[in-house]
Amino acid sequence: MDPVRGVDLAFWYILGISVLLLVGITVVMIYFVIRYRRSKHPDPVDIRDNLNLEVVWTVLPTLIALTMFWVGWKSLRWRLTWPVRCIPGCSCIPTTRKPKVSW
């Protein structure tokens, strides 16, 4: 895969997930604000110990973060290897010299 295409793919993947989460959370929040407003439910109810919900909101964000990491890692993996013609110590790697005095 072309390195530029891989980085673009990672960017669009992360942006797409972020926009999807933004829209989804906003829609659900507006729905709950309208459904459970104070005029219809004056006495709030305390809900406790929903194990399924706790597992889902722990596992799902973890999986999303891991897939974002994987796509980013896959797109930047090419930077970890030297080209075949460039061996460390070879003249194809640019070197710089620091001046002794910089004033």
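Up top is the structure.
Caption draft 1: Structural context of the overall build of the chain. Looking only at helices and strands, the chain features 2 helices and 0 strands. Classification of the 103 residues of the chain by burial places 8% in the buried group.

Caption draft 2: Quick look at the packing of aromatic side chains. Per the stated rule, a full pass over the model turns up 4 aromatic pairs. A centroid spacing of 6.2 Å and a plane angle of 20° characterise the contact between F69 and W73, whose relative ring orientation is stacked. With F69 and W73 both in helix α2 (residues 51–76), this residue pair falls 4 residues apart, about one helical turn.

Caption draft 3: View of unusual backbone geometry. Positive phi outside glycine occurs at D49, with the angle close to 55°. Examined against the element boundaries, D49 turns out to sit in the loop between α1 (3–35) and α2.

Caption draft 4: Spatial organisation of α1. Between its first and last C-alpha, α1 extends 48 Å over 33 residues, near the 48 Å set by a 1.5 Å rise per residue. All of the buried residues along α1 are G6, A10 and I17. Along its buried surface, α1 packs onto α2.

Caption draft 5: Structural view of the layout of surface pockets. Of the voids in this model, the largest pocket is the one considered here, and its volume is about 220 Å³. Around the largest pocket, the lining residues are L21, G24, I25, V56, W57, L60, P61 and I64. Element by element, the count of residues in the lining of the largest pocket is highest for α2, at 5 residues. Split into classes, the residues belonging to the lining of the largest pocket amount to 7 nonpolar, 1 polar and no charged.

Caption draft 6: Examining a nonpolar patch on the surface more closely. On the surface, a cluster of nonpolar side chains totalling about 700 Å² of accessible area is made up of F11, W12, L15, V19, L22, V23 and V27. Within the secondary structure layout, V27 lies in helix α1. Looking at V27, the relative accessible area reads 52%, which means it is exposed.

Caption draft 7: Local environment of the pattern of salt bridges. In this structure the tally under the stated criterion is 1 salt bridge. As a salt-bridge pair, R48 and D46 come within 3.0 Å of each other at their nearest N and O atoms. For R48, a relative accessible area of 64% puts it in the exposed group.

Caption draft 8: Expanded view of the side chain of S75. With respect to the helices and strands, S75 occurs in helix α2. Residue class for S75 comes out buried when judged on its relative accessible area of 5%.

Caption draft 9: Up close: the packing of α1 against α2. Where α1 contacts α2, the axes come no closer than 7 Å and their chain directions differ by 165°. One element, α1, and the other, α2, form an angle in the roughly antiparallel class. The interaxial crossing formed by α1 with α2 has left-handed handedness. On α2, the residues that touch P3, G6, V7, L9, A10, Y13, I14 and I17 of α1 are I64, T67, M68, V71, G72, S75 and L76. Residues of the contact of α1 with α2, tallied by class, amount to 11 nonpolar, 4 polar and no charged.

What counts as what
- Along each chain, residues carry numbers from 1 onward, in the same order as the chain's sequence is written.
- The predicted nature of this model means local features are confined to residues of pLDDT at least 70 and side-chain atom pairs, given and counted, to a pLDDT of 80 or more, with totals for whole chains, interfaces and linings taken over all residues.
- Working from all heavy atoms in the structure, the side-chain values ignore hydrogens and water.
- Helical segments are the DSSP runs of H or I of at least four residues, strand segments are the runs of E of at least two, and each set is numbered from the N terminus.
- For every residue, the accessible area (1.4 Å probe, protein chains only) is compared with the maximum for its type, and the residue is labelled buried under 20%, exposed over 50%, or partly exposed between those bounds.
- Two aromatic rings, drawn from Phe, Tyr or Trp (for Trp, its six-membered ring), form a pair once their centres lie within 6.5 Å of each other, and the interplanar angle then sorts them: stacked below 30 degrees, edge-to-face above 60, tilted otherwise.
- To estimate the expected span of a helix, count its residues, drop one, and scale the result by 1.5 Å.
- In this analysis, two residues are considered to be in contact whenever any of their non-hydrogen atoms come within 4.5 Å of each other.
- Think of a 1 Å grid over the protein atoms and nothing else: a 1.4 Å probe that fits but is trapped marks a cavity, an open set flanked by protein within 12 Å on at least five of seven lines marks a pocket, and residues with an atom within 4 Å of a point count as lining.
- Grid points are joined across faces, edges and corners, and a volume is the space filled by probe spheres set on the points.
- Ten residues, namely Ala, Val, Leu, Ile, Met, Phe, Trp, Tyr, Cys and Pro, are considered nonpolar, four, namely Asp, Glu, Lys and Arg, are considered charged, and the remaining ones, Gly among them, are considered polar.
- Each patch is built from residues that are more than 30% exposed by relative accessible area and take part in no salt bridge. Like charges join if they lie within 9 Å; nonpolar side chains (Val, Leu, Ile, Met, Phe, Trp, Tyr) join within 5 Å.
- Surface accessibility in these figures is a Shrake-Rupley result with a 1.4 Å probe; residues are shielded only by whichever protein chains are displayed.
- Whenever Lys or Arg places a side-chain nitrogen within 4 Å of a carboxyl oxygen from Asp or Glu, that contact is recorded as a salt bridge.
- Axes, fitted as lines to C-alpha atoms, cover a helix only where it is in contact. Angles between the N-to-C directions of the axes lie from 0 to 180 degrees.
- By definition in this entry, angles of less than 35 degrees are roughly parallel, angles greater than 145 are roughly antiparallel, angles of 65 to 115 are roughly perpendicular, and the rest are oblique.
- By convention, the crossing between two helices is left-handed when the near helix turns anticlockwise from the far helix through less than a right angle, and right-handed when the turn is clockwise.

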